[in-house]
Amino acid sequence: MILHIERVNKTYKGNVHALNDLTVDVKPGILGLLGPNGAGKSSLMRILATITKATSGTVKWNDTDISKTPNVLREVLGYLPQDFGVYPNLNAVEFLEYMAAIKGLDSSHSRKRIDELLDVVNLSDMRKRPLGGYSGGMRQRIGIAQALLNNPQLLIVDEPTAGLDPEERVRFRNLLSDLSGERIVILSTHIVSDVEATATEIAIVSQGRLLVHGSPESLLRSVEGRVWEWTVPTAELPALKQRYNISSSVRRTDGVKVRAVADTSPSADAQKVTPGLEDAYLSVITSARGEAA
Amino acid sequence: MSILYHLIRADFLERARSYGFLIILGLAILLGFLVNNGTIGLTLGKYRGEYNTAFVGAMMSLVATFFLSWFGFYLVKNAIQRDERTGVGQIIATTPLSRLHYAAGKALSNFAVLAIMVVILIIAAIVLQLLSDERSDFSLLDLVTPFLLITLPVLAVVAALAVLFESLPWLSSGFGNVVFFFGWVFFLIIGDENKNDLLDISAIHLISKSMMEAARHTFPDYSGGFVLGNTGQEIAGTFRWNGIAWTPALLMIRLGWFCVAPFIVLIASFVFHRFDPSRERTLKRKPVLSAADEVAVLSPVRTSEPRHLNLTSLPLRFRFGTLVVAELRLMMKGKRWWWYAIQAGLIVACVVAPLQEARQFALPFAWIWPMMIWSSMGTREQQFRTDQIVFSSPYSLSRQLPAVFIAGVMVAMVAGSGIFVRLLITGDWPGIAMWVVATLFLPSFALASGVWSGSSKLFEVVYLCLWYVGAMSKTASLDFITALGVKTIPQLPMVYLALSIALYAAAHIGRKTALSH
């Protein structure tokens, strides 16, 4: 099982380049696709979900070109778009039955799968309520349930935690972890903590280009020994932000505790600390911006 | 005033830069062309007026008044809906902008869009006048005055009505489109029917009375008749008509309609929901589940290792019938008991009424009642933003699209079943053939309209026109419903069958094009 993305470009009207020569191979596990807003993540997701086609380049699912024969992938695809709606007059069971029919699933067995999925996404008690009355978090859970109906080999979730409260976000991460195994899960987000908790591989994209692709560990190793923490007077913070790549700043009684990525110690009292994925992400994005400038 | 200006400007630019606006502009140009080449005209029996500036101005302004007010309503009745859909409304709701300012801004923007089309028709009138061999002295004032005093006041009312309809939950949907269609045609002719200048919003009574006098003066044998459209009759002669003598009283009446528009806007501002979700679509909206409901189903946040999810095996085994039933259920879901009761009543009426009356009246109503079920075909996925989910499913083009079509056919068959039984009993085979073709034509037309326009409105408006002109006004070539015209045009079923096939093919191509981008 492999998803092979090779030199994919996507150009929209007005010569807007969303993806530039993006190449990556994705194997079973959870791929966290990180990038700032407008990096091209959703364009890539839509191409992989066969909603749109690449302007050039190929995407192959187990050696099958999905732009030519998309149905080969669609039969094993689960897709949760970033922005999707539901039919407000249907209840959860009716909506999932409709989606099961659309996906061509055996209707005599689909009810059992629907019951299982409603249990998985904790909506069993709400199964008979019309979807029009669901909150954002509950709709998102219905979204993931429909994506799992066909027990997909490729599950694509685009910004799934946007708009969810912290508790719902953690629940969603747990669910994604449970779903890993013998399937490919692609989780697109700009929230690093979502990926940190779940991803077995990470790809960082910016301005339509793939900057990094590897394991979280390798990404963390790239900033090993380069993450510093120290406390500065509040008034010095603006100047510091100009000079260093600050990944966090926390107010204290004695000033502001800052955390930054730098090759050498930024201050005499700066302490090396264990890097986090956010530090690594920021380092990659800032370096890319520096090169582009 | 500055806020109002920017509201109108932004709204107008947003529309003017849309693809749909270009199409409507094209239609306005086509309308002007049809008048110029004589396809649409103003005839009084076998006579018409000389093409002087007064007659051309009046004729073109009446065309503009009738066509632009009727169809222009559907063009502009989406200003508030657009703000709802784009989310801009939520932002506007947090600003100090008052309801009255907002409603007035939308009405003025609507008016600006309609006025652009009037300008196009004025240009067409000038071209017609300059090309005419019959023209005498060209007077721009004579030409433009009917547009200013007849068309623009009517369009101001229409622009305000569109805002009012959008502000009222029960009129903002397809039901409102139907109400306007019948209400407006009644309103346009009520002045003429009652010979009352005060109620004569379209000024048809005022102009017809004046032109008839001029026609009688020149042609004593003129016995009446005033048609805006195409009678196909040879013109036996022309008479000179110098226009309406605009007295202060007439001016007051015409300009008074401009004062009606702000009054309608004021009512709209009172009922406008100001994007409060708890007030939007109050007839349909289900209560959103409370936080307490949600908390009840939340499980504790887990910190342990993931438990790999094992779902039971579920093979792929596509069944077209299952999908058709699912589409049918989706179409019918949300309809209330009284909707079914009325539809059942119409079916029963088709069975028990005398056959001629059943075909002429009961069947047209039995097939207009489910109009909004058909009008959602091909556009439901966009409307409810399920398109990405549905269209990323396998074989959606070859499975889902025909399933929607078949479900639509089933609705048509059930709705028209009363007459089918009667036709079968009487052995009226041409009628049965037309009935079968109509059950194919209606959903294929709806599907193609939905797929290509992305909106339910196109089908609703065109179907209402066909229904009214064809079935109710007994225009045989357009009457695919009552099938009474089959006797005079035997090839009608074949024509509509070919149309149905072409429309389904158009829907297929439209959806395929959308999917391949």
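Above this text sits the structure in question.
Residue numbers here run from 1 along each chain, matching the order of that chain's written sequence. Chains and ligands are labelled sequentially in the order written, the chains with letters from A and the ligands with numbers from 1. Per-residue local features are limited, in this predicted model, to residues with pLDDT of at least 70; the limit for side-chain atom pairs, both in listing and counting, is 80 or more; totals at the level of whole chains, interfaces and linings are taken over all residues.

A. Structural detail: the overall build of chain A. Helix numbering and strand numbering both begin at the N terminus, where a helix is a DSSP run of H or I of at least 4 residues and a strand a DSSP run of E of at least 2. For chain A, the helix and strand inventory stands at 10 helices and 14 strands. Dimensions of chain A, computed from the C-alpha atoms along their principal axes, are close to 70 × 45 × 35 Å. Residues with at least 20 neighbouring C-beta atoms inside 10 Å of their own are called buried, those with 12 or fewer are called exposed, and the rest are partly exposed, where every C-beta is derived from the backbone. Taken over 293 residues, chain A has a buried fraction of 47%. Long-range contacts, defined as pairs at least 24 residues apart, comprise 67% of the intrachain contacts of chain A with a sequence gap of at least 6. Here the contact rule is simple: place C-beta atoms from the backbone, and any two residues whose C-beta atoms are within 7 Å are in contact.

B. Up close: the interface of chain B and chain A. Across the boundary between the two partners, chain B contributes 45 residues, which contact 58 residues of chain A. Sorting the residues of the side of chain B that touches chain A by element identifies α11 (291–297), α12 (320–332) and α17 (387–391) of chain B as the ones contributing at least two each. Tallied by class, residues from the side of chain B that touches chain A come to 23 nonpolar, 12 polar and 10 charged. Three residue categories are used. Nonpolar comprises Ala, Val, Leu, Ile, Met, Phe, Trp, Tyr, Cys and Pro, charged comprises Asp, Glu, Lys and Arg, and polar comprises the others, including Gly.

C. How the structure looks around the packing of helix α20 (residues 429–453) of chain B against helix α21 (residues 457–472) of chain B. All names here are of chain B. With their axes 8 Å apart at the nearest point, α20 and α21 run at an angle of 140° to one another. Taken together, the axes of α20 and α21 lie oblique to each other. Within the contact between the two elements, α20 uses Phe445, Ala446, Ser449, Gly450 and Ser453 and α21 uses Leu458, Phe459 and Val462. Across the contact of α20 with α21, the residue classes tally to five nonpolar, three polar and no charged. For every element, the axis is a line fit to its C-alpha atoms; helices are fit only across the contacting stretch, and the angle between N-to-C directions ranges from 0 to 180 degrees. The scheme is simple: roughly parallel for angles under 35 degrees, roughly antiparallel for over 145, roughly perpendicular for 65 to 115, oblique for anything else.

D. Highlighting the sheet that holds strand β11 (residues 227–232) of chain A. Residues and elements named next belong to chain A. The four strands lie next to each other as β12-β13-β11-β14, forming an open sheet whose pairing is antiparallel. Both outer strands of the open sheet, β12 (245–252) and β14 (271–272), are each paired with one neighbouring strand and no more. DSSP bridges decide pairing: two strands pair if at least two such bridges lie between them. As paired elements, β11 and β14 share two bridges and run antiparallel to each other. Looking at the pairing, Trp228 lines up with Lys272 of β14.

E. Just the sheet that holds strand β8 (residues 184–189) of chain A, in detail. Residue and element names in this part refer to chain A. Across the sheet, which stays open at both edges, the six strands sit in the order β6-β7-β8-β3-β9-β10 with mixed pairing between neighbours. The open sheet has two edge strands with one neighbour each: β6 (77–80) and β10 (209–214). Between one strand axis and the next, the sheet turns by 15° as a mean value, whatever way the strands run. As paired elements, strand β3 (residues 29–34) and β8 share six bridges and run parallel to each other. By the bridge assignment, Ile30 is partnered in β8 with Val185.

F. Spotlight on the pairing of strand β7 (residues 154–158) of chain A. Residues and elements named next belong to chain A. Among the five residues that make up β7, five are buried, leaving the element largely enclosed by the rest of the structure. Of the two faces of β7, the one holding Leu154, Ile156 and Asp158 and the one holding Leu155 and Val157 are both buried throughout. Looking at chain direction, β6 and β7 are connected through four bridges and run parallel. The residue bridging Tyr79 from the neighbouring strand is Ile156, located in β7. Inspection of the sheet shows β7 paired to β8 by five bridges, in the parallel sense. Along β8, the bridge assignment pairs Leu155 with Val185. In terms of handedness, the path from β7 via helix α6 (residues 166–179) over to β8 forms a crossover that is right-handed. Seen with the strands pointing away from the viewer, any crossover whose path from the first strand over the helix to the second strand runs clockwise is right-handed.

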